[in-house]
Structure formats: C-alpha cells, structure tokens
Amino acid sequence: MNQMATSPQELLQRIAANIEQVISGQAAAVRKILAAFISGGHVLLEDNPGTGKTTLAKALARSIGAEFKRAQFTPDLLPSDILGVSVFNPGDQSFHFHPGPVFTQILLADEINRASPRTQSALLEAMAEGQVSVEGQTHALSELFFVIATQNPVEFRGTYPLPEAQMDRFALRLSLGYVAPEAEVEILSAQEIAHPLTRISACISVPDVLMLKQRVKAVRASAELKRYAVDLVRATRGAAPVLLGAGPRASLALIHTAQALALADGEEFVRPEHIREIAVPVLAHRLALAQEAKFSGITAQGIVEDILKTIPVPA
Amino acid sequence: MNTPPFLLAAAALFWGAQTGNWLVAAASAALLEAPRYVARRWHLETAEFIRVADFCTVLLFAIAVYLYFTFGNPRAVTLLFQWMPVIVLPLALAQAWSTARALDLSVLFWSLRRNPMRRAIKLNLAYPAFALWLLAASAANRQDAAFYLGLTLLTAWPLLLARPRSYAAPIAAGMLLAAALAGFGGQLGLHRLQQWLEAAVPEWMAGGARTDPYRSTTGIGTIGDLKLSQRIVLRVEADPAVSAPILLHRASYDDYLGGTWVARDARFAQLAPVGGATLGSTSAWKLNDTREPVLQVTLHEDSDGNPVLSLPANTARIEGLAAIEMKMNALGAVQIEHKPGLFSYRAQVGSSNSAYGPPTPRDLGIPKAEAAAVALIANELGLAALTPAQVLATVKQFFTDRFEYSTWLGKPAGGRTPLSGFLLATRAGHCEYFASATVLLLRAAGIPARYATGFSAQEWSKLDHAYVVRERHAHAWVRAWVGGAWRDVDTTPPTWFAAEAAGSPWWSPLADVWSWARFSLSAWSARAGERGWSGGLIWVALPLLAWLAWRTLRGRRADTAAATGEAGLNRPWPGQDSEFYLIERRMAQLGHPRQNAEAVTEWLARIAAQPGAAALQRLARLHYRHRFDPAGLSAAERETLRTEALSWLAQHPLKST
C-alpha cells in the first residue's frame, strides 16, 4: 500500500467502506464519527439497546490497526478498574503501577451511564488532557487516544446520567436510530453464518491516522465562519428553556470537526455547510434543559435546529 | 404575508363594500398584495417595527379623539372600530414590505419591551390583519345577507386551504356550508327573539332624552325619587329680548290615560325647505305664516339620531339646519332626519302660531277616573263663573299657594288615583303632576288644553355664553287655547329649578367643562368644514403624521438586494464583491430566493430543477472559495468568477422571452 499516494479523502472513504460491511445504512453517522476521531474528539453513541452502537464502535476500532480495549461499565465498577492500580510487589518491596484499560489507543466505554458518577468522572482527565494521574503520578496516554462510549437513553432503568462536565468532554453525541426494514433483513442474512465483525480487518495504519490528524489541522477556516460557529454556540446560551448553554469547548469542537468534514470532502477550507452538518451532534448534548421543557416536548436537538434556522448563514 | 394570494386584498375590498370606502379599500388592497410582485424590500429591525407600532398608536389616539369630539359616543366607538384596519395598516405594510417574515411580539406589547421573553415569540401579522378587516367590515352594520355571504366565503377560503389532508375538499366545503347555514339560521332566530322581547317589555328599551311625539309616559304614580342626569343636551343662545326661562317645546299630547299622555291622530306631514334645498346642505324651513319674525334663538343640540326639535313657542322659521327631511304634526312636534351627534339650528320666533291646529273635542276630555277630583276642585275654585283669563290666573294662584314641589313621592292614600291624590291630599309633586292637573282643571273650566313637554332653559353658563339645558331640565307644562291662540301656561312652582339643581353631584362642573370642550371642538370643526377645509383637524394631523413617518424610516435606505438577507449588510467579511450575489438576486426576482438560514448548496439543491440552476454549481464553488477560503482565489480565478457570473446573468434575463 503506497501511503504517500493516498489522499486523506480516500483513506477516510476506505475506513467508511470497511465499516459499511458490518453495519449498513449508517453512512452519515460513520462520517461524523470519523470526523471526530481524526479531529481528536471523543464520541458518545446514545440510542436504544440493540441498535448497533457497540458493533459500530468495534468495527471502527478494527478498521484501524490500533490498540483497542473495551470496558463494560457496571454499577460496581471502580475508578481504579478503569485507570489502573499500584500493586505492592513483595519481591522488590515496592509498588508497581498496573495500567487499566484506559491505557490504549481506542477505548470502547460500553454502557458508560451504568457506572456510578464517580467512575464516569475517572475518565475526565484522560479525555480532556490525554493523561492519567494516579497516586500523585502522571501517566501520559497514547497520542491516538480516542474514547467511543455508548449509552442507553437516561430514562432507562439502572442508569446514572453523565455529569455535564463529562458530557462536555465528548465532541459529538450521535444517535444511530433504527435502520430501514430492508436493511434490518440484510442484517439477519449477513449474520446467518458468522458475525461480519469477525471478517473485517484493519484497512489503515496508525501512521495513516496520525497523518490524517495533521492534515485536519491544516484545513483553513475563515474568520467569518469561526464567527458563525461562535454565533451558533452563543445562541444556545440565550435560548428560552436552556439552563446551561454550550461553552467555548463546543465552539472548538464545532470548528475542529468541521475541518475534519472538509478534509473528508477533499476540501482545503471549511464551508458553512460543514458547520451546519455537525452543529446538532456537537451542541445538543451540552445543553441542560429546564425540567418543564422536557415535559412540554422541547428537546435540545430541536433547540439547536431552531437556532440553525434563525441565525443567517454566511453565503 | 403568509395568507393565500389575494385573501388580504379580498378582505380589504369586502370592508370597502360594507363601509362604502372604496378608494381606501382599493389602495390598501393593492399595497398589501403588491409585495408578491415586487422584489424591493426594506430591511427593518425590531426597533423600526416598534416605531411603526408607536406611530399606529398615536394615530389611533388622534383618530379616537377626533371621532369622539365630532360624533360622540357610541357612534365614535363604532367608527373607530370600523377604521381600525386602516389605522394599523402601516404596521401590516411594514411587515409586508420588509425582509422580516414575522414581528417580535414586543412590537405589540409594551410590557415585553421592558421584560423581553427568554425566547422571543414571532408573530406574522397577515392573519390578524385579515381578521381585523373582517371585524371592521362588520362594524358598518349592514344588516343584509350579502354581509353574511361575504364573511362566510372569506373565512371559508383559508380554512379550506388549511384543512387537514385527511379531508377531501368537497367534504370540508360541505361541512363549512352546513356550519354557515346553521349560523345563519341561529342568527335569524336571535333577531326574532330580540324583536319579540322588545315588543313584550318596551320599557327596557326606553332611551334617555329621546322624545316620542306620540306618547309620553309620565312619572305620575311612580313611587320614590325622580332622578335625571346632569348631561347637557342643549345650548341656547337667545336674543336679549327673550327672557328666561325659555320653554323649549318638543311635543304636545291631548289624551290622558292613567299616567300616560298620548297624541291621538297626530300624523306627521312633510315640510318642504324654503326655496328647495340640496341634500345635506343647510337650509330653512317655514312653520307658519308670520310676516315678521321678531326674535331669534340659536340652539345646539346633542342627539342620538332623528331628533324631535326643541323649539320656543311660536317658532315661525327654522334656519341653518342640515337635515335630510323635516316633518311636523298637528300638535306642534317637529322631527327631522339627522345623523347622531351635535347639530345646530336657528329658530325665528314670530308673534302667533297659526301652524298648530285649532282645538279638537279631545282637548276638552277628562278621564273618568280623575273626573270626580277635578270637578271637586273646579267647584271649590268656582271656575265655571270666570273668564278664561281669570281661570288661568286662579288656577296658577291655586297651585302656587297650596302646593309644593317635590321629586319624592309616597303611595297615594285611600284608593285614589295618583293624580287625584295629588289634587286632594298630598299636594306635592313634580312638573308632570302640575301640568297634568292643570290641563284637566282648564278643560273642566271649558278651556281647551294640551299637555306639553320639552325643556326649560334658564341656567346661564359663563363658559358657553349661552343657556345650557341639561337632561334634568326636562319640563312639562300646559298649552291652553285662549283668545284664539295657543298659550304656554306653566303652573309648576318656580322653585322646581333650584330644587333640581341642589341635587348636582360634586363632579358636575368637571363634566360641564368636558362637554364644553367637546362642543367647542365640534363647532370649530363644523365651521372649518363650511369653509371647505374638509375636516379641519386633518391639517393639524398631517404634518404630525409626516414627521412620525419620517422618524420611522429615517436612515433606512431601500435595500434592493432584499433576497440576500443579512449577507452583504454591514459585515466587514471578505469576498462581499462576489458577482454571485447578482445571480442570487436575479434568482430571487425570478421567484426562487435563498432563505436567510439556508446555505448556498442547500439552496441550489432546492432549486435544482429551475432553469439555469445546474450551471451554478461550478460558480458556487468559486464563490465559496472567494468567500470562505482564507487563501482566496488567484487573479485568473477571480476573473473567471466575474465573467461566468455575468454571462449567466446575460443568459437568464428577468423577463424570459
């Protein structure tokens, strides 16, 4: 494989095609997840049980020849189960740090909202700063560190809603939704012999991914579009039933993922459409709504969509 | 405007048909619908809409004051309601001609301007304006089926268009028709019910100072305090030779039936203006043949429509009155056809009153119920032996000496009628008692007499420089046939006037000043109208309105590139010179504008089927690079964008051939 001759657009298309073998009909979601991945953001997949969240996360991990670990979050999971623990070695009479599953390149945090808030928060430092502090020692994480978490909607039994600070660490929140009936029949047929997940293999290498991450940063974003992104984010702060709007971290995520989308489109600069495409997944999960708004059927997604319809688009 | 095309115009024209203001309606309809065909828009912010709304509010108050002083209530309220859509038309037009598709609610509510809602609510004025035109059309109060038909059609139109998809048009139309027919039937039924009620309980419908020339129901026999209002109904400027009190006659009656005076066979005869007259202009009417009118009384009267005139005795001519028609009955009541509100006339008083008919046998009739008491008093006074002049003097003396004025009356004792009780026992009552008793006593003495009603003018107002006549100055007296002519005889003790005035409330002077102000303005407006100033107040109002309009639109240049929305306005971003904007504007003129919150590629995808849209993809890419790529276009590419955009424009002219 001649990497130098392959454009970022082709690389990304290759990953997407690989994932498509396993999970069909989710091209738009895959495109956004890849954008988050190469722009250095983490992804939260929120949907009903059985919609393919975990399969998608695993397919992504396998498509990239990266180190992959999964942690199944349960109510009795402790922070040390995620981060690692120092164990006393009687041989040399000293403590040795045993790294937890967070020390990997791609971490699948499955059903993250079933763990207690304490354990959920253990990921805060890792996700935001790419390092882990245990017992006064700071351990750096891989350059590629990427968390893809799944969760059932918070109204389900045995869940703890993620703290707002933790939510803010995710660049995107996506819902997969149920696929069309034809696609669902295809899923049945595809799994008759073996799960397609077992068939796929890595199609790009870690250096490719690092190259993509570099190229994302090179995508140009004009001051006007930065302003547009900021206008969208600021508008969430003044919307009526919103208790807590999106912060500056959201503006950053919005521009970074838009740059990644531009790269995926083979563009050298961000277009307003990229920002609009990614606005709902980037902004909606960061808004805390008043209780009465939830009862009257107003959703965070609806608020962001309204904002997109009211703020004039640069053209 | 989110109403279906021409719905607003139809509503405005319907209003014009109902109110008769065709020109205003046609102009409003054209202005409201024209934006569908004209691309030019103003870019107005909420602050500007607020100014337009304030302008409408000022207009509303100015017109309300003008209408109140010109027509009085309740006519002013009806007229204001009728003109409401025209008053708020500036706001509706501001929305129709602006780039905004809806207004912030704070434009309409002052409370929201100070405490804005966390999430602003937008209101499109189109349907509210539509409803206002229909409601205002109803204020014209044409009670005919055409109104109902028009209203039904106009409301059915948007309802049918907005019906749920699950209803087929014929079913929805059928249901609307059924509702309309049921509504019409119900409305007819209500009308019948009202007519029946009015016939069954007439006293519920009796109005304040209105005079019924056929019948006068007196307060005789009513127990308790007689209350009448302070309202000024007449202003009387009299020749100095006319001494107060001036009895202003409205109607006379000749038959008494247990508390009610009735005018029998008093049919009205039409009077022709002297020398003919054109409709609506002031003219003179001659009531009798007196050669030389000797005195003049000018009256300014306030009425609620088709009044019976208040005239001094022996009125020979009525001048300066803009009535449509005038008629008079044999008992001297003069009624005119005139719209409600203030009107003026001059009464020329002569020396005789040949116009009123000579006495009839009814002018000597005494009802059986009162005959015994009347005969008793007539005998006591020995009236049979006296000359008519002596009879008048004796009767007047009798009432002055032995009776007193009272507006409070108890129950008559001993099974007597109230009038017999007044003559024989209580000897206290109000003017209706005195007048009725006097009529019957004079008739017992063989003198034909009638019961006359009207007003007694004797309160001089320094403010008005005239006598003012209030509702409580309503009076009753006697017209007696003495010496071949009718003479006014008033036997009520003169103290009645002071007794009535004693009951004035403390705020009465304030009400008088208000009444005077209203009268003065109305009189000034009428004089201005006579001088051809057409409306008078208009000349004060016009500069004021012009100033307000200028203040609203000041500094607002016409934004011809309306369809580009906010882009290109006051933003220092690069690439604003792109020729792609010309294409966008041309597309908007061709009816495919880009929405404000629609990115260019989304817009192009939406209009992909339109001619010329396919060719725009490449141009849009160049435009985007010019606008959003910090690296920008090379000089050659910039030139390509320019030339290709211009050639596209040349290929897609505004008027397709």
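Engineer: Would you take a moment to explain the overall build of chain A for this structure?
Structural biologist: Along chain A, the regular secondary structure elements total 14 helices and 11 strands. Looking at chain A as a whole, 53% of its 315 residues are labelled buried. Expressed as a percentage of contacts within chain A between residues at least 6 apart in sequence, the contacts between residues at least 24 apart total 77%.

Engineer: So what exactly am I meant to see when it comes to the sheet that holds strand β13 (residues 315-321) of chain B here?
Structural biologist: For sheets, the rule is that strands pair by backbone hydrogen bonds, running either parallel or antiparallel. Residue and element names in this part refer to chain B. Taken in spatial order, the seven strands make up an open sheet running β10-β13-β16-β11-β5-β22-β21, and their pairing is antiparallel. Each end of this open sheet is capped by a strand with a single partner; those strands are β10 (283-286) and β21 (459-461). Going across the sheet, the axis of each strand differs from the next one's by a mean of 30°, ignoring polarity.

Engineer: Would you mind showing me how to read the pattern of salt bridges here?
Structural biologist: Opposite charge on two side chains permits pairing when their charged atoms draw close. All told, the structure shown has 34 salt bridges over all chains when counted by the stated rule. For R276 of chain A, the salt bridge is made with E602 of chain B, and the minimal N-O distance between the two is 3.2 Å. Highlighted residues: R276 of chain A in helix α12 (residues 272-283) and E602 of chain B in helix α18 (residues 600-606), drawn from two different chains. Under the relative-accessibility criterion, E602 of chain B is labelled partly exposed at 32%. A salt bridge links R362 of chain B to D254 of chain B; the nearest nitrogen and oxygen atoms lie 3.4 Å apart. Here D254 of chain B lies in the loop between β6 (246-253) and β7 (255-257) and R362 of chain B lies in the loop between β16 (341-349) and α10 (368-381), a separation of 108 residues in the sequence. Overall, D254 of chain B belongs to the buried group, its relative accessible area being 2%. Taken together, the shared-partner salt bridges connect R31, D265 and E277 of chain A into one network.

Engineer: Which parts of the structure should I look at to understand the packing of aromatic side chains?
Structural biologist: Ring pairs (aromatic) are described by centroid distance and by the angle formed between their planes. Residue and element names in this part refer to chain B. Inspection of every chain in the model, using the stated rule, returns 28 aromatic pairs over all chains. Ring geometry for F422 versus Y433: centroids 5.2 Å apart, planes at 40°, classification tilted. Here Y433 lies in helix α13 (residues 431-444) and F422 lies in helix α12 (residues 418-426), a separation of 11 residues in the sequence. Pair check on accessibility: F422 and Y433 agree, each one buried. Here W496 and F497 contribute two aromatic rings whose centre-to-centre distance is 5.5 Å and whose plane-to-plane angle is 80°, an arrangement assigned as edge-to-face. Each member of the pair W496 and F497 is classed as buried. One aromatic cluster is present, formed by F398, F399, F403, F422, Y433 and F434 through successive ring pairs. Sitting over the ring of F519, R235 keeps its end group 4.6 Å from the ring centre. Between the NZ or CZ atom of K327 and the centre of the ring of F268, over which it lies, the distance is 5.6 Å.

Engineer: Explain the interface of chain B and chain A to me, please; I cannot follow it from the model alone.
Structural biologist: How big an interface is tends to be stated in terms of accessible area lost as the parts join. On the side of chain A, 29 residues touch chain B, which itself brings 23 residues to the contact. Between chain B and chain A, the buried area comes to about 2,200 Å², and carbon and sulfur atoms account for 57% of it. Applying the counting criterion to the chain B and chain A interface returns three salt bridges. In this structure, the connection of chain B to chain A is made through nine residue pairs in polar contact (both at pLDDT 80 or more). Within the residue set of the side of chain B that touches chain A, elements represented by two or more residues are α18 and α19 (616-628) of chain B. Here the side of chain B that touches chain A takes six residues from α19 of chain B, the largest share from any one element. Counted by class, the side of chain B that touches chain A contains 10 nonpolar, three polar and 10 charged residues.

Engineer: Is there a simple way to think about the environment of G52 of chain A in this case?
Structural biologist: Residue and element names in this part refer to chain A. Relative to the elements of secondary structure, G52 occurs in the loop between β1 (42-46) and α3 (53-63). Judged by relative accessible area, G52 falls into the buried class, the value being 16%. Separated by 28 residues in the primary sequence, G52 and S24 place their C-alpha atoms 9.9 Å from one another. Aside from chain neighbours lying at most four places away, what touches G52 is I23 and L176.

Procedures and definitions
- Residues numbered from 1 in each chain as written.
- Chains lettered and ligands numbered in written order.
- Predicted model: local features only at pLDDT ≥ 70, side-chain atom pairs only at ≥ 80, totals over all residues.
- Heavy atoms only, no water.
- Helix = DSSP H or I, 4+ residues; strand = E, 2+ residues; numbered from the N terminus.
- Buried < 20%, exposed > 50% of the residue type's maximum accessible area, 1.4 Å probe, protein only.
- Contact = heavy atoms within 4.5 Å.
- Pairing = 2+ DSSP bridges.
- Axes fitted to C-alpha atoms, helices over the stretch in contact; angles between N-to-C directions.
- Salt bridge = Lys/Arg side-chain N within 4 Å of Asp/Glu carboxyl O.
- Phe/Tyr/Trp six-rings, centres within 6.5 Å; stacked < 30°, edge-to-face > 60°.
- Lys NZ or Arg CZ within 6 Å of the ring centre and 35° of its normal.
- Buried area = accessible area lost by both parts, 1.4 Å probe.
- Polar contact = N/O pair within 3.5 Å; in protein donor to acceptor, adjacent residues only side chain to side chain.
- Nonpolar A, V, L, I, M, F, W, Y, C, P; charged D, E, K, R; others polar.

Function cannot be inferred from these measures alone, as they are strictly geometric.
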